[in-house]
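Fold and geometry: a report
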Amino acid sequence: LFLKGLEDVIGHSIVHPTWAKTRPDDPEDTHTGWMFRAPGDAPVPNPAGHGANDCDEACIPDMLHNCKSLRDLYDLANDTFGKFTTPVLWD
């Protein structure tokens, strides 16, 4: 985006590099995946218990739909495959 000068016309988000539970309030749902965080949010612990990663200025939350996880975006698109992967081009 920056190389082509498109940063002012095309928005982008960057997920946090650590996976987390995508439905933390549902004990039956064990899925973990890519989560959106904002700079200054609390550090995200590694699900395997290997420390935590800060939410620094590299994290850019989803400003269009305010989704908390990549899974939420796939749900918006009525995806039925369940492979919540990156990168994603959302149109």
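Residues numbered from 1 in each chain as written. Predicted model: local features only at pLDDT ≥ 70, side-chain atom pairs only at ≥ 80, totals over all residues. Heavy atoms only, no water.

1. Some details on the environment of T86
Defined as follows: Here a helix means four or more residues in a row that DSSP labels H or I, a strand means two or more in a row labelled E, and each is numbered from the N terminus. Buried, partly exposed and exposed residues are distinguished by accessible area as a fraction of the type maximum, computed with a 1.4 Å probe on protein chains only: under 20%, between the cut-offs, and over 50%, respectively. Any two residues whose heavy atoms approach within 4.5 Å at even a single point are treated as in contact.
Tracing the backbone shows T86 in the segment after α1 (70-76). A relative accessible area of 40% means that T86 is categorised as partly exposed. Considering only alpha carbons, one finds T86 and V15, 71 residues apart in sequence, at a separation of 9.1 Å. Ignoring anything within four residues of it in the chain, the contact list for T86 reads V15, W34 and L70.

2. Considering the nonpolar core
How we decide: Buried Ala, Val, Leu, Ile, Met, Phe, Trp, Tyr and Cys residues that are joined via side-chain atoms within 4.5 Å together make up what is termed a nonpolar core.
Core analysis: the biggest nonpolar cluster contains seven residues, these being V15, F36, C67, L70, L73, Y74 and F84. Not counting the four nearest positions on each side in its chain, Y74 is found in contact with D79, K83, F84, T85 and V88. Judged by nonpolar contacts, the second largest core, of five residues, contains A20, M35, C55 and C59.

Distances and angles like these do not, on their own, reveal function.
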